Amino acid sequence: SFHPAHVAKVYGRTLTHRRFLSLIFIVACYFGGMFLYIASAPTVIFDYLHLNSDDFGMMFVPMVTGMICGAWVSGRLAHSWHVERTIKLALTLMTIGTVLNAAQALLLPPMLITTIAPLMFYTCGIGIAMPAMTVLSLDCFPHNRGTASAMQGFIQMLGNALISSIAVPLLSFHPAHLALGQLTLIAIALLLWYRTPPASQ
């Protein structure tokens, strides 16, 4: 039904479903960890790495390659691994990438390989996680998957807007600040994952 009262009721259910909210905020957090660097790309390329306007591919090509590799791994695992095991692998890879990124930002001067390699590791984890997380979140509302998908997209875009308008201006003054911001986001995602109610709730 497209009656406004029915649509509002369905959206209202998504806002009170604890498992669904946990899952979509996990996605918003770990995707936000990547978007933090997407929105800060000019600062990373020009100010940290001292490259020029023709060199953005040196950052984005490895990140996209990481996501493609992660999606390929996810497809290979889909037939043999339980979806939650796949997500745990993805979160582990993202955590490793984030810790490596924080370590290099705190201990080393900005260099192309040390700055980009952890981000590629991180986006590989995102590529593995995205299909599995989408399945889990949409399964919360098997009769209203379109509504669930719309709400997930809205929360993700809202998170990106907050990151680009608030977090990036506050954190982009130093590589370590960006890295610690990413570390904070993945820590929140991990906390939410291990506190997510089971599917029956």
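Residues numbered from 1 in each chain as written. Predicted model: local features only at pLDDT ≥ 70, side-chain atom pairs only at ≥ 80, totals over all residues. Heavy atoms only, no water.

**Q** What's the story with unusual backbone geometry in this structure? I'm lost.
**A** Phi angles above zero are rare outside glycine, and His50 is one such case at about 55 degrees. Along the polypeptide, His50 turns up in the loop between α3 (41-48) and α4 (57-77). Among the residues examined, His50 registers a relative accessible area of 63% and is labelled exposed. (Helix = DSSP H or I, 4+ residues; strand = E, 2+ residues; numbered from the N terminus. Buried < 20%, exposed > 50% of the residue type's maximum accessible area, 1.4 Å probe, protein only.)

**Q** What is the right way to look at the nonpolar core in this model?
**A** Tyr30, Tyr37, Met59, Met94, Met133 and Trp193 are the most contacted members of the largest nonpolar core, which totals 52 residues. Residues within four places of Met133 in sequence aside, it is in contact with Leu23, Ile26, Val27, Tyr30, Ile87 and Trp193. (Core = buried A, V, L, I, M, F, W, Y, C linked by side-chain atoms within 4.5 Å. Contact = heavy atoms within 4.5 Å.)

**Q** What should I look at first to understand the packing of helix α2 (residues 18-39) against α4 in this one?
**A** Packed helix pairs are characterised by how far apart their axes lie and by the angle those axes make with each other. Contact geometry of α2 with α4 gives a least axis separation of 11 Å together with a crossing angle of 160 degrees. Considered as vectors, α2 and α4 are oriented roughly antiparallel to each other. Handedness of the crossing formed by α2 with α4: left-handed. From α2, Met34, Tyr37 and Ile38 reach across to α4, where they touch Met59, Phe60, Met63 and Met67. Of the residues contributing to the contact of α2 with α4, the split by class is seven nonpolar, no polar and no charged. (Axes fitted to C-alpha atoms, helices over the stretch in contact; angles between N-to-C directions. Parallel < 35°, antiparallel > 145°, perpendicular 65-115°, else oblique. Left-handed = near helix turned anticlockwise from the far one by under 90°. Nonpolar A, V, L, I, M, F, W, Y, C, P; charged D, E, K, R; others polar.)

**Q** Can you help me understand a nonpolar patch on the surface in this one?
**A** A cluster of nonpolar side chains, contributed by Leu106, Leu107, Leu108, Met111, Ile113 and Leu180, occupies part of the molecular surface with about 600 Å² of accessible area. When you line up the elements, Leu106 lands in helix α5 (residues 83-107). (Patch = residues over 30% accessible without salt bridge, like charges linked within 9 Å, V, L, I, M, F, W, Y side chains within 5 Å. Areas by Shrake-Rupley, 256 points an atom, 1.4 Å probe, with all protein chains shown as cover. Salt bridge = Lys/Arg side-chain N within 4 Å of Asp/Glu carboxyl O.)

**Q** For this particular structure, what's the right way to read the environment of Leu162?
**A** Locating Leu162 in the fold gives a position in helix α7 (residues 145-171). Judged by its relative accessible area of 45%, Leu162 is partly exposed.

**Q** For this particular structure, what's the right way to read the pattern of salt bridges?
**A** In the structure shown here, the tally under the stated rule is two salt bridges. In this structure, Glu84 and Arg19 form a salt bridge, with 4.0 Å as the shortest nitrogen-oxygen distance. Within this pair, whereas Glu84 is found in helix α5, its partner Arg19 is found in helix α2, the two being separated by 65 residues in sequence. A salt bridge links Arg145 to Asp139; the shortest N-O distance between them is 3.0 Å. Since its relative accessible area comes to 41%, Asp139 is described here as partly exposed.

**Q** Just to check I follow, could you spell out the packing of aromatic side chains for this structure?
**A** Think of a pair of aromatic rings as described by two things: how far the centres are apart, and how the planes are tilted against each other in angle. The tally for this structure, following the rule as stated, stands at three aromatic pairs. Taking 5.5 Å as the distance between ring centres and 90 degrees as the angle between the ring planes, the aromatic pair formed by Phe46 and Phe56 counts as edge-to-face. Of this pair, Phe46 sits in helix α3 while Phe56 is found in the loop between α3 and α4, placing the two residues ten residues apart along the sequence. On the basis of relative accessible area, Phe46 is assigned to the partly exposed category, the value being 35%. Residue Phe56 is classed as partly exposed on the basis of its relative accessible area of 23%. A centroid spacing of 6.5 Å and a plane angle of 15 degrees characterise the contact between Phe56 and Phe60, whose relative ring orientation is stacked. Cluster of aromatic residues (ring-pair linked, three or more members): Phe46, Phe56 and Phe60. A cation sits over an aromatic face here: Arg85 above Trp81, 3.8 Å from the ring centre. (Phe/Tyr/Trp six-rings, centres within 6.5 Å; stacked < 30°, edge-to-face > 60°. Lys NZ or Arg CZ within 6 Å of the ring centre and 35° of its normal.)

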